[in-house]
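One letter stands for each residue in the lines below.
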Amino acid sequence: MAARRYLFWFFGVAGAIVLAIVTFNIAADAYILNNRAGASVETVSGFERVLKPAWFDTIKPDIVFVGSSRVRMAFDPALIDPTFHMKSFNYGVSSATAYETRRYIQDAAAQPSVKTIVVSLDPFEDGEASQPIGAGFDELRLAVTKAGAPTPHRDWWLTTSRYLSGGALGMHALGVYLLARLGPNQSASERPDIFEAYSRMTTAIFRHEMDRRNDRAIAPRAWQMSELRASLAALCNYRGAVYWYFPPDNFAVIARYVSNDADGFIAFKKTVLAAVRDHNAKCMNKVRLFDFTNLNAITRERLTASHTQSTFYEDPIHVRPPTGMMLLRRMLTSAKADAHFGIELTRDPHADADIDAIRAQAAAWAKS
Amino acid sequence: MIFSSYPYLVFLALVVIIFRLLEARLPSLKRAFLLLASLVFYAWWRADFLLLLLGSTIVNFFIGRAITSSVESKRSPRMLLIGGLIFNLGLIAWFKYAGLFAATTNGLFGTTLPIPHLFLPLAISFFTFEQISYLVDASQRRAPKYALLDYSLFVSFFPHLIAGPIIRHNDLIPQFAKDRGRDDRDNDLALGVTLFTIGLAKKTLIADNIAPFSDAVFAAAHQGTSIGLVDAWMGTLFFAFQIYFDFSGYTDMALGSAAMLGIRLPFNFNSPYKATSIIEFWRLWHISLSTFLRDYLYIPLGGNRHGAARRYLNIFITMLLGGLWHGASWTFMIWGGLHGAYLIINHAWRNLLKAAGLSTPSRLQPLTHALSVLLTFLAVIFAWTVFRADSFSAAHLMIAGLVGMGGHSRLLTFGWPAGAAFTALFTLIWFAPNSMEITWRLRPALQPPRKDAGVRDIGLWKWSPSPVSAIAFGLLFVVSVMALSNLSPFIYFQF
């Protein structure tokens, strides 16, 4: 009798809580996806690895952005979609690894609606070590396995992740909370206090972040380059447009990379360029490679006594969504107005020399 | 199917419901149903390897029958037994060790043997060992003739199929015939869900959450990064906790799943990090494996029957092979060898103390006890670095880091979150009661094989099926299920 009563309470409590959580998740998911500013939640850090694959599958976008927090904060679909008249999706996740990036590229390429994939290259060089995946990543939620075959039982994994996981509960709760704090007809861009991607770098933030990056250097590592080549291989027969770019970290950071290991930094970019050239020569798909790390209209921004809040940056490595719009316009439209920043390496006859020019630019920056 | 996954939860719920219905209405079908469910469970992973499992089961069944018949008719079963051993060891050697053998031969002798890249069949190490024990027992008159259905269910019974505990035929098969009344069924289900919940919490709330930290350090070592002192210690400690909570969590889920069906599996963990010596550690860690190795390897090698030197050699060989059983990598063998060396030192030290008539004064016993636990733990985690490392060079980098001769990597930060995590984890492994102690009132496992590895009485901490504990465990279950989203398989699934 005691055991029966125990079972009644055990399953009663567990069942009731699960039901409540599933109900909340269904409601919150619908609220976020149907909210006018809901897409801005894609710029927020939380349990995005858990929910973004499911949202991606539901939204069925035309264009998708893959990468780390540099992507997550740079591209706000709420800003992009009305301007470019397309449906976009921000697949950026905090501290994305090279492996995850490859897998998200594969996922994006397998989604029939996607016509354009934009990839930030920093996950292929970032991080001192090593971890193949970040917390919450689960490749069973992606459309294809790493070998490119359809993921078995994927609908099951997507559904359980979306409605029955702690990560989804956290991300939904965060999303609902943020959207509920927006005033009537307010957009995320008007509330940088809520949506961090829109906040502006201050001198204090700049100094703090620069201190953290004292020893940072960039150099190609074998396993990351192997993921990069695997990413290209996954795109070989992809019919859509693909844009890869070196993200526009503030030149103070770039100069530090150059000062710490100029050879490694240059080697990384040349290795990527060689891999892309090889891909373009062999494959039906052609990747357009952009370099925004040079000294340009965005990266040269400095905070001064009269310019205390950044126009372009949230911090020295994360650009704000309006800057993301500039990058996108530069890549998608090759607009002349934006041609003063970034180089399209794949169409640049002097690409290698332009990459090498970073030494001189860093030296000039140091003197100025 | 991974125990900590939604499909398994649904599968288990369906199996338990149908099994209970069959028990009440059509008990003659319950074994056939369990066998069918077990095969579905295995096929979920890869249906084609089901043929291997079934083939191995049928071949062993008939060899076992032939051995039993030989013994009954007073003929020597030796050749049949050798044939059975060759079949089983050949199967495991081909699938598991052929690549290692070829690569090592090529490396040592400059040969160009083709290296087979075979897919390791899930659970092969476990079902092969269990069947070897059956054949050996049959040759020694310790195994009756079983029905094919019972024997197949013994091999494939899903709660123990993938990663043990390693169980003997005579411990499991008689339980299949057991009839349960409704009260027994309810008691078993209450016990089962509780034990399963404890295991699920260990896996999803603890092991999976600390895994990324140890993975980061060991992956960096694998890539050639020189590991700093703090990283090496944090990575190693996190792995020591991860493997314990992962494997003992798996075992709790296996025992819980079986208990729901009225079956008891072997006792497998009993707070091994509380061990005061390596000898004791192996009586508390993966008990079903160490018992198997003792009974089917150490004792046949001669055990302690031929003097101290031979005994130590037998211990060393047993541990070397026990290490290699874990996987086709020399690092596993070195890990086994390290434990063999530890055990030899431990036995020799005991003998020395005994011969000298030395013992610890009673007032110093708490101190020596604490120091013994600490020393044993340090020895064990040192060996874990070799076990976890992907290569000798990675192990070397980790060990250099542990002794302060590594680099200056800063992969992990030892701040207050890490301090709080370590405090909680050490409290759990050294001071908290374990799952067996908590649920021992309803006998969640078979009796421990050794009396000195028995279950402590934990007084008030003992679980009882009250509404308050039901609510607490119900909440723990939901929280653990919520954490299922990051599916990482159990470490021991690869063995």
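Computed from a predicted structure; not experimentally measured. (Residues numbered from 1 in each chain as written. Chains lettered and ligands numbered in written order. Predicted model: local features only at pLDDT ≥ 70, side-chain atom pairs only at ≥ 80, totals over all residues. Heavy atoms only, no water.)

### Considerations on helix α1 (residues 2–34) of chain A
Taking 1.5 Å as the rise per residue, α1 of chain A with 33 residues should run 48 Å; its terminal C-alpha atoms sit 48 Å apart, in good agreement. Restricting attention to buried positions, one finds in α1 of chain A the residues Ala-3, Tyr-6, Leu-7, Phe-10, Val-13, Ala-14, Ile-21, Asn-25, Ala-28, Asp-29 and Ile-32 of chain A. (Helix = DSSP H or I, 4+ residues; strand = E, 2+ residues; numbered from the N terminus. Expected span 1.5 Å × (residues − 1). Buried < 20%, exposed > 50% of the residue type's maximum accessible area, 1.4 Å probe, protein only.)

### Thoughts on the confidence of the model for chain B
Note that predicted coordinates carrying low pLDDT should not be read in detail. Confidence in the prediction of chain B, expressed as mean pLDDT, is 90, and 97% of residues score 70 or more. Among the prediction metrics, the complex's ipTM stands at 0.86, with pTM recorded as 0.84. (pLDDT = per-residue confidence, 0-100.)

### Some remarks on the pairing of strand β5 (residues 287–291) of chain A
All names here are of chain A. Buried residues dominate β5, accounting for five of its five residues. Residue alternation in β5 divides its side chains into two sets, Val-287, Leu-289 and Asp-291 and Arg-288 and Phe-290, and both sets are buried. With five bridges connecting them, strand β4 (residues 241–246) and β5 associate as parallel partners. Following the sheet pairing, Tyr-243 is matched in β5 by Arg-288. In this view, the connection linking β4 to its parallel neighbour β5 by way of helix α10 (residues 251–282) has right-handed handedness. Pairing geometry for β5 and strand β8 (residues 343–344), over two bridges, is antiparallel. Bridge pairing links Asp-291 to Ile-343 in β8. (Pairing = 2+ DSSP bridges. Right-handed = clockwise from strand over helix to strand, strands pointing away.)

### Side note on the interface of chain B and chain A
If you look at the interface, chain B gives 40 residues, while chain A gives 35 residues. Of the roughly 3,100 Å² buried where chain B meets chain A, counting both sides, 70% is carbon and sulfur surface. Remark: the boundary between chain B and chain A carries two salt bridges. Here chain B is connected to chain A by six residue pairs in polar contact (both at pLDDT 80 or more). When contributions to the side of chain B that touches chain A are tallied by element, the ones reaching two or more residues are α1 (6–25), α9 (182–222) and α19 (467–482) of chain B. (Contact = heavy atoms within 4.5 Å. Buried area = accessible area lost by both parts, 1.4 Å probe. Salt bridge = Lys/Arg side-chain N within 4 Å of Asp/Glu carboxyl O. Polar contact = N/O pair within 3.5 Å; in protein donor to acceptor, adjacent residues only side chain to side chain.)

### Focus: the pairing of strand β3 (residues 116–120) of chain A
Taken residue by residue, a regular strand's side chains alternate between the two faces of the sheet. Residues and elements named next belong to chain A. Of all five residues in β3, five are buried, a share of seventy percent or more. Burial along β3 is two-sided: the residues Thr-116, Val-118 and Ser-120 and Ile-117 and Val-119 are all buried. Summarising the sheet, strand β1 (residues 63–66) and β3 pair through four bridges and their orientation is parallel. Bridge assignment links Phe-65 to a residue of β3, and that residue is Val-118. Here β3 runs beside β4; their pairing, made up of five bridges, is parallel. The residue bridging Ser-120 from the neighbouring strand is Tyr-245, located in β4.

### A look at a nonpolar patch on the surface
All names here are of chain B. Nonpolar side chains collect at one region of the surface, where Leu-229, Val-230, Trp-233, Leu-364, Leu-367, Leu-371, Leu-374, Leu-378 and Phe-414 lie side by side and expose about 790 Å² of accessible area between them. Contributing elements (two or more residues each) for the nonpolar patch: α10 (229–260) and α15 (365–388). Ranked by residue count, the leading element in the nonpolar patch is α15, at four residues. By the secondary structure assignment, Leu-374 is in helix α15. (Patch = residues over 30% accessible without salt bridge, like charges linked within 9 Å, V, L, I, M, F, W, Y side chains within 5 Å. Areas by Shrake-Rupley, 256 points an atom, 1.4 Å probe, with all protein chains shown as cover.)

### Concerning unusual backbone geometry
All names here are of chain A. In this model, His-153 sits at a positive phi of 60°, which is unusual for a non-glycine residue. With respect to the helices and strands, His-153 occurs in the loop between β3 and α6 (154–164). Overall, His-153 belongs to the partly exposed group, its relative accessible area being 43%. Of note in this structure, Asn-185 is not a glycine but carries a positive phi near 65°.

### A word on the packing of α1 of chain B against helix α2 (residues 30–45) of chain B
All names here are of chain B. As a packed pair, α1 and α2 sit with axes 10 Å apart at the nearest point and diverge in direction by 170°. The orientation of α1 with respect to α2, classified from their angle, is roughly antiparallel. For the pair α1 and α2, contact is made by Pro-7, Tyr-8, Phe-11, Val-15, Ile-18, Phe-19, Leu-22 and Glu-23 and by Lys-30, Phe-33, Leu-34, Ala-37, Val-40, Phe-41 and Trp-44, respectively. In terms of residue class, the contact of α1 with α2 is built from 13 nonpolar, no polar and two charged. (Axes fitted to C-alpha atoms, helices over the stretch in contact; angles between N-to-C directions. Parallel < 35°, antiparallel > 145°, perpendicular 65-115°, else oblique. Nonpolar A, V, L, I, M, F, W, Y, C, P; charged D, E, K, R; others polar.)

### Section: the side chain of His-169 of chain B
Residues and elements named next belong to chain B. Of note, His-169 is situated in helix α8 (residues 169–176). Under the relative-accessibility criterion, His-169 is labelled buried at 0%. The residues touching His-169, leaving out its near neighbours within four places in the chain, are Ser-133, Tyr-134, Asp-137, Arg-142, Ala-143, Tyr-146, Phe-154 and Pro-174.

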